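Commentary on secondary and tertiary structure
Residue-level listing of the chains:
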Amino acid sequence: MLKKITHAACFASPSCTPKQSHTHTQPDTRAMFVVLLRRFSRAAAIRQTPAAFRCETSPIKTIAAAAVRENSRSYHHLIQRTFSHLLHHPSVAVKIGARMSSSPEGQDAMEVLACNSNQLADDLYASGSNAGRRQKLVHDYLKVADRDGKSVTAEFPDGLDWFNVTEPLTLQGSLRGKVVVLDFFTYCCINCMHILPNLKRLEHLYPIEEGLAVVGVHSAKFRNEKDSANIRAAVERYEISHPVVNDNVSAMWRKLRVQCWPTLMILGPRANPLFVIMGEGNYEDLKLYVGSAIRFYREKGEIQRHSLPINLVSSGTIASNMKYPGKVACSVPTGAGGSEEQLFAVSDSGNHRVLIVDSAGTVLHKVGGKQSGFVDGNFTKARFNAPQGVAFQGTDVVFVADNENHAVRRIDLKARLVSTVAGNGTQGNDRTGGKVGREQLLSSPWDVAVYSTRDLDMSFHADEASAPPSKDVLLIAMAGIHQIWALFLQDTIWWKFKKYGAGTCWAIAGNGHEQNRNTSYPQSAAFAQPSGLAINRTAKEVYLADSESSAIRKISLVDGKVMAVAGGDRNPLDLFAFGDVDGKQYGAKFQHPLGVAYNPLDGCIYFADTYNHKIKKIDAATNCATTCEFREANGAVRRFNEPAGLCLDRSGQLLYIADTNNHELLVANLTDCTIRPLKLNFRVPEELDSVAGEAEQGGRRSGTLTLKPTRPITMHPNAGQSSLRLTFNFTFPEQTTKLTEGAPQQWSLELPAGGWSCDSTKGTIDTKTLQLLIALPPGNDAPPTNGNEPSNPVAFTFKLNLCEGDICFPKEFVVLLEVQYSASEAGHPNVDRYDAQETYKLQLSRKTVALQQP
């Protein structure tokens with residue numbers, strides 16, 4: 001056991017001035033070992049060259065976690081093995097008791113900031129759960145940082161595209177007076193996606209008016225990510241509600257000396273740098289930093305309470321009823337001859353639900369949606385959060401990779417129930433597994449596949465009929481921690497004769513490092529955000545789309561050997577070997593593939609080359625990749641937009657494609673290379689389905705809440721010209737209820753035919769009042785109406801988003817107004833013009849929607 005430990009004060013960059021070292025006797029070697037490893041992991045992250053931006057989870061952190069878990073003998077071995085590497089690493093500058101450094105001449109201020117932030121994080125870690133001590137450490141840090149910190153000279157360049165705001169923001173303009181969190185991210189990065197829920201929590205705690213402004217600074221890894229249209233789609237798909245700028249030339253990245261994704265930089269109200277946080281899993285520190293900074297500068301009178309010009313992006317009118325579909329899967333026949341109806345499961349990710357459709361496109365089941373959540377139960381009550389991978393077990397069960405809930409769900413089509421088989425809605429960091437159900441934490445499962453196998457116990461059965469039945473294993477592409485996991489649905493003997501209990505979930509391949517490492521030993525292999533799975537049942541292999549290495553790879557399901565198929569690079573550390581090149585094995589180049597399917601009919605692996613907007617195939621026998629070209633009915637070549645999922649039908653002749661950013665499900669005929677959209681037929685109109693079962697008051701029209709006033713609107717029967725001025729006043733009986741700021745508040749108007757008109761038939765609501773002027777046909781041209789005849793209906797559809805305290809919810813309803821002309825002319829002389837005015841009060845709360853007419 002080592003008794004002398006050297007400490008590193010600052011690992012930020014080679015230009016950090018090394019300090020004189022000395023040794024320190026360590027009373028608690030285990031605790032300080034973990035602290036030192038944490039420091040080194042930060043150093044490794046900060047010191048990455050621009051060619052390897054990503055932080056992800058450091059191998060050193062993994063060793064530290066293992067050290068805490070293992071027994072003392074293996075722990076001693078880890079210490080000796082790791083320190084042998086640490087103490088000879090060229091980046092380790094040695095010092096003890098370091099505190100905040102000022103910036104010596106010639107040393108970059110951002111490097112010093114990183115050094116000081118690292119030291120503060122280590123001090124906080126050492127203070128444990130002592131809240132008072134933690135707050136004092138940050139307060140003392142802020143006093144020094146505020147005194148020494150100068151405003152950054154970097155500013156967002158002119159001409160960049162912004163999202164979720166109506167005008168560009170500036171650090172010295174609209175953001176002045178705010179504590180600003182700059183989130184440097186790229187939307188392909190799963191670790192960057194893991195940051196988003198934490199930022200949402202933070203924005204909920206500290207709204208813009210209270211002093212916090214979060215700004216996403218998108219700096220692309222892939223060429224495809226530089227396109228503003230693609231970033232806009234990602235902002236909507238991931239429901240990012242704070243401002244985002246497309247820094248497509250990485251100007252802010254370079255000016256602020258950012259080195260890795262994800263990086264959070266926190267600035268004070270004068271754009272003075274305060275903290276830097278790299279990697280994920282730092283929410284408690286982030287919350288402490290931001291809360292302390294807001295209180296610190298509020299006491300100094302420097303926090304400003306102005307709002308920002310927020311305007312959330314929206315896809316507008318979507319051609320289909322789906323929103324960013326992620327994956328698609330075909331049912332597996334169970335009976336002899338496979339006579340059951342062929343079904344397809346589609347993860348309608350943007351609508352937080354799973355659709356079960358037949359081959360004609362009829363939607364048989366809508367499971368979950370359209371609001372995100374984590375709820376088991378029947379198909380109406382169940383909730384998902386951006387589900388991705390889907391896989392059938394026979395024809396009656398569908399497993400779902402519930403991505404942002406960090407869970408695997410099970411849909412029972414017969415019982416019409418959803419249950420959770422792994423995960424509990426909280427992101428985990430376990431890289432081993434072994435627990436059951438909700439006790440086993442997961443990290444961003446992205447795809448699932450069901451594999452049937454007999455126990456791998458070396459038993460021999462001369463008579464196949466007497467052999468034991470196959471057992472189903474659910475394979476999981478665990479993108480968040482770069483591994484392949486398995487959920488054993490029955491007691492199973494797996495590789496190396498190891499026994500796994502029914503319901504347990506285990507990591508079976510990948511060490512958790514983000515690499516493109518192939519090896520005969522599955523636990524030594526490494527993946528880079530695996531996002532798609534497809535099984536070759538004949539060869540007993542699973543093909544996987546390894547998105548961040550831009551490669552298609554495979555794992556033997558007999559012994560776990562991991563092998564290259566095509567794409568990527570021989571160097572396991574090179575995650576930037578991407579492009580758009582057909583070729584053989586490493587000669588082929590792809591760009592962030594997400595979906596994969598195997599066709600036993602032609603022996604080809606079809607995959608979605610997502611960021612190249614193409615479908616490609618690989619001959620499994622030769623490892624040669626070629627691009628597929630499909631033509632639409634008019635002869636034009638089909639152009640995809642970030643396709644992410646695909647599957648074959650049972651015949652092997654039809655390829656189903658989830659064309660994600662086009663919000664479509666497509667069917668490609670592999671025989672003649674034609675392609676057509678599969679138009680989904682919702683048996684209840686989709687626009688009327690989302691509010692079924694809501695408030696009791698008022699009538700209903702096809703399942704939608706319909707409100708009618710107590711009396712119709714009466715118009716002059718003998719007017720030459722007529723108009724109707726309508727006013728809707730929105731009121732809230734609960735004091736805490738309000739229209740959600742920045743969320744879409746939409747209305748649309750449907751008028752009768754025959755001369756009715758309005759300057760606008762749809763729009764958004766910015767205030768608590770909506771006024772419209774409707775022109776009617778002349779009264780003497782309109783047919784008279786009475787109680788036994790139909791009136792002229794004017795239908796308003798409202799789609800609103802509201803908040804009540806800390807709960808946000810949508811309200812969708814129809815206000816149906818009846819307009820009548822009196823049948824009797826008595827007392828109604830001819831007039832040139834008649835103008836009517838009606839005012840209605842709409843009362844809105846979480847429980848009710850009511851219409852009142854004065």
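Preceding this paragraph is the structure being described.
Notes on the structure follow.

Basis of the calculations
Each chain carries its own residue numbering, running from 1 in the written order of its sequence. Reporting of local features is limited, given that this is a predicted model, to residues whose pLDDT is at least 70; pairs of side-chain atoms are given and counted only at 80 or more, and all residues count toward the totals for whole chains, interfaces and linings. Side-chain metrics rest on all non-hydrogen atoms present in the structure, leaving aside hydrogens and water. The way it works is that DSSP assigns letters per residue, a run of H or I at least four long becomes a helix, a run of E at least two long becomes a strand, and they are numbered from the N terminus. Three labels apply to residues, based on accessible area from a 1.4 Å probe with only protein chains included: buried if under 20% of the type maximum, exposed if over 50%, partly exposed otherwise in between. Contacts are residue-level and defined by heavy atoms, with any inter-residue pair within 4.5 Å sufficient. The protein chains shown are the only cover counted for residues, whose accessible areas, like all others here, come from Shrake-Rupley with a 1.4 Å probe. By this rule the span expected of a helix is its residue count minus one, scaled by 1.5 Å. We call two strands paired when DSSP finds no fewer than two bridges between them. The angle between two axes is taken between their N-to-C directions and runs from 0 to 180 degrees, where each axis is a line fitted to C-alpha atoms and a helix contributes only its stretch in contact. Any angle that is under 35 degrees is reported as roughly parallel, and any over 145 degrees as roughly antiparallel; angles of 65 to 115 degrees are reported as roughly perpendicular and all others as oblique. Left-handed describes a crossing whose near helix is turned anticlockwise from the far helix by less than a right angle; the clockwise case is right-handed. Throughout this description, the term nonpolar core refers to a set of buried Ala, Val, Leu, Ile, Met, Phe, Trp, Tyr and Cys residues connected via side-chain atoms within 4.5 Å. Salt bridge, as applied in this entry: a Lys or Arg side-chain nitrogen positioned within 4 Å of an Asp or Glu carboxyl oxygen. Aromatic contacts are taken between Phe, Tyr and Trp rings whose centres are within 6.5 Å, Trp giving its six-membered ring; a plane angle under 30 degrees counts as stacked, one over 60 as edge-to-face, and the others as tilted. Counting as a charge over the ring demands two things of the Lys NZ or Arg CZ atom: a distance within 6 Å of the ring centre and an angle within 35 degrees of the ring normal.

Another point: the overall build of the protein. Check the secondary structure of the protein and you find 10 helices and 51 strands. Taking all 854 residues of the protein together, the buried fraction comes to 55%. Taking the contacts inside the protein whose residues are at least 6 apart along the sequence as the reference set, 62% of them involve residues at least 24 apart. Taken as a whole, the protein presents about 35,900 Å² of accessible surface, with 49% of it coming from carbon and sulfur.

With that settled, consider helix H6 (residues 190–205). Given 3.6 residues to a turn, an α-helix orients residues that are three or four positions apart in the same direction. A rise of 1.5 Å per residue sets the reference length of H6, with its 16 residues, at 22 Å; its end C-alpha atoms lie 24 Å apart and thus fit the reference within 8%. Those residues of H6 not exposed but buried are Ile-190, Asn-191, Cys-192, Met-193, His-194, Ile-195, Leu-196, Asn-198, Leu-199 and Leu-202. Contacts from the buried residues of H6 go to strand E4 (179–185), strand E5 (212–218), strand E7 (263–267), helix H9 (283–299) and strand E19 (445–453).

On to the sheet that holds strand E30 (residues 595–599). If you trace the five strands from one edge of the open sheet to the other, you get E29-E33-E32-E31-E30, paired in antiparallel fashion. Sheet topology places strand E29 (583–584) and E30 at the edges, where each strand pairs with a single neighbour. Both strand E32 (residues 614–619) and strand E33 (residues 624–627) contribute to a ladder of four bridges, which runs antiparallel. What sits directly across from Lys-617, in E33, is Thr-626.

On to the packing of helix H4 (residues 109–127) against H9. The packing of two helices is summarised by the inter-axis angle and the distance between the axes. Remark: H4 packs on H9, axes separated minimally by 12 Å, with the N-to-C direction vectors making an angle of 110°. Considering the angle they form, H4 stands roughly perpendicular to H9. The handedness of the crossing between H4 and H9 is right-handed. For the pair H4 and H9, the contacting residues are Ser-117, Leu-120, Ala-121 and Leu-124 in the first and Asp-285, Leu-288 and Tyr-289 in the second.

The next subject is H4. Between its first and last C-alpha atoms H4 spans 27 Å; for 19 residues at 1.5 Å apiece the expected length is 27 Å, and the two agree. Burial within H4 is extensive, with 16 of its 19 residues counted as buried.

One finds Phe-156, Leu-182 and Leu-256 to be the most contacted residues of the largest nonpolar core, which totals 81 residues. Examining the composition of this core, we find that eight residues originate from one element, H9, more than from any other. Not counting chain neighbours up to four residues away, the residues in contact with Phe-156 comprise Trp-162, Leu-169, Thr-170, Leu-171, Leu-175, Leu-182, Val-215, Val-217, Val-245 and Met-252. In terms of nonpolar packing, the next biggest core, distinct from the first, is built from 36 residues, Leu-707, Leu-770, Leu-772 and Leu-851 among them.

With that out of the way, let us pick up the pattern of salt bridges. A complete count under the given rule lists 31 salt bridges for this structure. The salt bridge involving Lys-323 is made with Glu-236; its shortest N-O contact spans 3.6 Å. Separated by 87 residues along the polypeptide, Lys-323 in the loop between H9 and strand E9 (325–330) and Glu-236 in helix H7 (residues 228–237) bring together distant segments of the chain. Classification of Lys-323 by relative accessible area gives partly exposed; the value is 22%. One salt bridge in this structure joins Asp-580 and Lys-614, with 2.7 Å as the shortest N-O distance.

What follows deals with the side chain of Ser-219. Tracing the sequence through the fold places Ser-219 in the loop between E5 and H7. Overall, Ser-219 belongs to the buried group, its relative accessible area being 1%. Setting aside its immediate chain neighbours within four residues, Ser-219 contacts Phe-184, Phe-185, Thr-186, Asp-247, Ser-250, Trp-253 and Trp-261.

Strand order in this open sheet of four strands is E25-E26-E27-E28, and the pairing throughout is antiparallel. The sheet is open, and its two edges are formed by strand E25 (530–536) and strand E28 (562–567), each paired on a single side. Between one strand and the next, the sheet's axes are offset by a mean angle of 25°, whatever the strand orientation. Here strand E26 (residues 541–546) pairs with strand E27 (residues 551–556) via six bridges, running antiparallel. Paired with Val-542 across the strands is Ile-555, a residue of E27.

Moving on, we get to the pairing of strand E37 (residues 674–677). Strand direction decides the pairing type here: strand E36 (residues 664–669) and E37, joined by four bridges, are antiparallel. Considered in E37, the bridge of Val-667 is made with Arg-676. Counted between consecutive antiparallel strands, the loop separating E36 from E37 contains four residues, among which Cys-673 sits at a positive phi close to 60°.

Following the criterion strictly, the structure yields 23 aromatic pairs and no others. An angle of 20° between the planes, with centres 6.3 Å apart, marks the rings of Phe-796 and Phe-798 as stacked. On the basis of relative accessibility, which here comes to 0%, the residue Phe-798 falls in the buried class. Grouping aromatic residues by their ring pairs yields a cluster made of Tyr-451, Phe-488, Trp-494, Trp-495, Tyr-500 and Trp-506. Seen from the ring of Trp-506, Lys-498 lies directly overhead, with NZ or CZ sitting 4.5 Å from the centre.

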